[in-house]
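For reference, the chains in residue letters:
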Amino acid sequence: MSTPLRILAIPGSLRARSTNLLLLETAALLAAADMRLEIFAQLGDIPLFNPDRTDVPPAVAALRASVESADAVIISAPEYAHGLPGALKNALDWLVSGIELTGKPVALFNASARSVYAQAALREVLVTLGASFLDRACVTISLTADSRTPQQLAADPMIATPIATALDRLASIIAARTNSAANASQPTGRALPNWQPRPFPERRSFRGRYSAIEPLDTAKHAEALYASLCKPSGVSGFTYLPANPPADIEEWRIRLENHAAGRDPLFFTLFDESGNAAGICAYLRIAPEHGSIEIGHIHLSPELQQTRVATDIQYLLMRHAFEDLGYRRYEWKCDALNAPSRRAALRLGFRFEGIFLNAVVYKQRSRDTAWFSITDDEWPRVRRGFEAWLAPENFDAEGRQLHSLASLRAQN
Ligand SMILES: Cc1cc2nc3c(=O)[nH]c(=O)nc-3n(C[C@H](O)[C@H](O)[C@H](O)COP(=O)(O)O)c2cc1C
């Protein structure tokens with residue numbers, strides 16, 4: 001068996017009953033067999049940093065040695081007056097002149113959801129010290145009012161799952177780096193030795209809790225779609241699409257014929273809870289060789305927008321791509337000025353990746369394109385959020401949500 005990964009866990013609070021220490025102790029219990037968390041207990045012994053000092057106090061030597069020999073560092077710190085605790089900043093100041101943190105993978109754990117300034121400040125300090133900051137392995141779990149022991153917390157799935165996920169991510173990032181260490185000057189991505197191209201999506205139907213999806217069929221759906229999408233009140237639905245509203249149903253039919261004939265984009269008709277064809281969307285940029293696929297050309301009737309049906313549809317198509325087809329990347333992109341689309345992407349669990357400037361010319365105008373994605377390692381959490389949100393008990397008698405999708409995803 002290979003040597004377990006050594007993770008140095010630094011609590012940023014000196015309190016004996018620190019919740020940040022509690023979080024790290026819980027993480028230590030949850031660490032997989034191939035990982036060992038060692039908690040640094042000497043923060044309070046580190047004297048005030050003074051650049052004039054030439055000696056190395058024992059607690060500083062211990063800190064330097066611990067950081068140097070660790071495969072990664074996790075820091076969990078409270079926020080004091082919108083800043084870092086002095087004891088932690090003091091310890092980090094001692095590392096400024098050294099190289100222990102240079103390139104060291106570092107993640108932040110956080111025991112208080114309110115503590116956002118300290119997290120940002122700590123990230124800035126660590127990046128300045130040359131650490132390799134791992135956003136994907138950071139986690140916030142509110143323990144401010146929790147009096148449980150680490151053992152009790154580790155037995156609670158609401159606590160244990162996000163911690164275990166963060167530790168898994170940490171381990172896989174470290175593993176990827178180790179794989180590429182053979183040629184450290186040219187780092188390469190995580191090895192995928194067994195990778196096989198994924199199947200191309202088929203023209204098929206889906207049925208969800210509230211929604212139904214069918215392959216776009218002009219003969220069957222054109223009329224209903226014309227009524228729901230091309231009526232005067234729906235004109236704004238075309239603003240960010242490549243095409244303008246059709247002049248008449250004939251033009252609409254021809255457009256849909258073209259849509260339905262293609263494999264990429266692969267168009268679907270979307271039905272509302274009463275079974276009316278009320279929208280279309282498509283899989284596109286389908287790259288089986290890379291396991292990457294986009295959902296787009298989304299055009300919903302005003303009545304279908306912001307309904308649980310619309311969310312159910314997104315969930316079904318996402319689930320199919322990740323679970324049935326085995327894709328590893330699911331994309332969403334839109335005109336960077338399309339605020340509702342950007343909000344929808346974030347609500348659905350996509351991560352904002354950035355903006356391509358001057359990416360497209362359409363309708364005689366320039367478009368900057370905003371990109372979003374969900375990756376296969378993020379999918380289980382996104383899926384749990386959808387499952388909890390779509391559950392009938394999350395809706396009142398009028399069909400209004402009791403809890404938001406984002407809040408349920410955060411809890412899962
Ligand atoms: C002096 C002091 C200042 C604080 N300032 C803030 C603050 O600005 N923002 C915040 O969210 N919490 C603030 N807190 C609350 C702590 O960050 C919070 O209680 C934290 O969970 C304590 O972590 P610990 O249990 O690991 O010691 C402050 C607490 C103290 C004692």
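Basis of the calculations
Residues numbered from 1 in each chain as written. Predicted model: local features only at pLDDT ≥ 70, side-chain atom pairs only at ≥ 80, totals over all residues. Helix = DSSP H or I, 4+ residues; strand = E, 2+ residues; numbered from the N terminus. Buried ≥ 20, exposed ≤ 12 C-beta atoms within 10 Å, placed from the backbone. Contact = placed C-beta atoms within 7 Å. Near = placed C-beta within 6 Å. Nonpolar A, V, L, I, M, F, W, Y, C, P; charged D, E, K, R; others polar. Domains from an automatic or database assignment. Pairing = 2+ DSSP bridges. Axes fitted to C-alpha atoms, helices over the stretch in contact; angles between N-to-C directions. Parallel < 35°, antiparallel > 145°, perpendicular 65-115°, else oblique. Right-handed = clockwise from strand over helix to strand, strands pointing away. Left-handed = near helix turned anticlockwise from the far one by under 90°. Core = buried A, V, L, I, M, F, W, Y, C linked by C-beta atoms within 7 Å.

Draft legend 1. Quick look at the overall build of the protein. Within the protein one finds twelve helices and 14 strands. Dimensions along the principal axes, computed over C-alpha positions, put the protein at roughly 85 × 50 × 45 Å. For the protein, the residues scored as buried account for 35% of the 412 residues in total. In the protein, of all internal contacts separated by at least 6 residues, the share reaching a separation of at least 24 is 68%.

Draft legend 2. Main features of the site of the ligand. Around the ligand sit 15 residues, and of these Ser13, Ser18, Thr19, Asn20 and Pro78 come closest. For the shell around the ligand, the class distribution of residues is four nonpolar, eight polar and three charged.

Draft legend 3. Examining the domain arrangement of the protein more closely. Parsing the protein into structural domains produces domain 1 (5–182) and domain 2 (206–411). The straight-line distance from the C-alpha centre of domain 1 to that of domain 2 is 39 Å.

Draft legend 4. A look at the sheet that holds strand β12 (residues 329–335). Judged by pairing direction, the sheet is mixed, and its eight strands sit side by side in the order β7-β8-β9-β10-β11-β12-β14-β13 without closing on themselves. Strands at the two margins of the open sheet, each flanked by one partner only, are β7 (206–207) and β13 (351–362). Of the pairings in the sheet, the one linking strand β11 (residues 292–300) to β12 comprises three bridges and is parallel in character. Within β12, the residue paired with Ile293 across the bridge is Tyr330.

Draft legend 5. Inspection of the packing of helix α2 (residues 58–69) against helix α3 (residues 86–95) at higher detail. Here α2 crosses α3 at 75 degrees, and the two axes come no closer than 10 Å. On the basis of the axis angle, α2 is roughly perpendicular to α3. Packed against α2, whose contacting residues are Val60, Leu63, Arg64 and Val67, the element α3 presents Ala91, Trp94 and Leu95 at the interface. For the contact of α2 with α3, the class distribution of residues is six nonpolar, no polar and one charged.

Draft legend 6. Representation of unusual backbone geometry. The peptide bond linking Asp264 to Pro265 adopts the cis configuration, its omega dihedral lying at 5 degrees. Among the structural elements, Pro265 can be located in the loop between α8 (249–261) and β9 (266–271). Its identity as a non-glycine residue notwithstanding, Asn358 has a phi of 50 degrees, on the positive side. With respect to the helices and strands, the residue Asn358 is situated in strand β13. The phi dihedral of Gln364 is positive, around 60 degrees, even though this residue is not glycine. Considering the arrangement of structural elements, one finds Gln364 in the loop between β13 and β14 (365–375).

Draft legend 7. Spatial organisation of the pairing of strand β2 (residues 35–39). Note: strand β1 (residues 5–11) against β2, five bridges, orientation parallel. Along β2, the bridge assignment pairs Ile7 with Leu37. Tracing the backbone out of β1, into helix α1 (residues 19–30) and back to the parallel element β2 gives a crossover that is right-handed.

Draft legend 8. Here's a closer look at the environment of Gln196. Mapped onto the elements, Gln196 comes out in the loop between α6 (157–180) and β7. Along the primary structure Gln196 and Gly83 are separated by 113 residues, whereas in three dimensions their C-alpha atoms are 48 Å apart.

Draft legend 9. Structural context of the packing of helix α9 (residues 308–324) against helix α11 (residues 379–390). Interhelical geometry of α9 versus α11 gives an angle of 150 degrees and a closest axis separation of 11 Å. The handedness of the crossing between α9 and α11 comes out as left-handed. Contact residues: α9 offers Arg308, Thr311, Asp312, Tyr315, Arg319 and Phe322, while α11 offers Trp379, Arg383, Phe386, Trp389 and Leu390. Grouping the constituent residues of the contact of α9 with α11 by class yields six nonpolar, one polar and four charged.

Draft legend 10. Seen up close, the pairing of β12. Burial analysis of β12 places six of its seven residues in the buried class, the great majority of the element. Between the parallel elements β11 and β12, the chain passes through α9 in a crossover that is right-handed. The sheet contact formed by β12 and β14 spans seven bridges and is antiparallel. Its bridge partner being in β14, Lys333 is matched across the sheet by Trp371.

Draft legend 11. Layout of the nonpolar core. Ranked by size, the top nonpolar core spans 52 residues in total, and within it Phe268, Leu270 and Tyr330 carry the most contacts. The element that contributes the greatest number of residues to this core is α9, accounting for nine residues. Beyond its immediate chain neighbours, meaning those up to four positions away, Leu270 contacts Ser211, Ile213, Ala278, Gly279, Ile280, Cys281, Leu300, Leu304 and Ile313. One finds Leu21, Leu92, Leu101 and Leu143 within the second-largest nonpolar core, a separate group that totals 50 residues.

Draft legend 12. Geometry of the environment of Arg319. Here Arg319 is to be found in helix α9. Note on Arg319: 18 C-beta atoms within 10 Å, which makes it partly exposed. Spatially, the C-alpha atoms of Arg319 and Trp379 are 8.5 Å apart, while their sequence positions differ by 60 residues.

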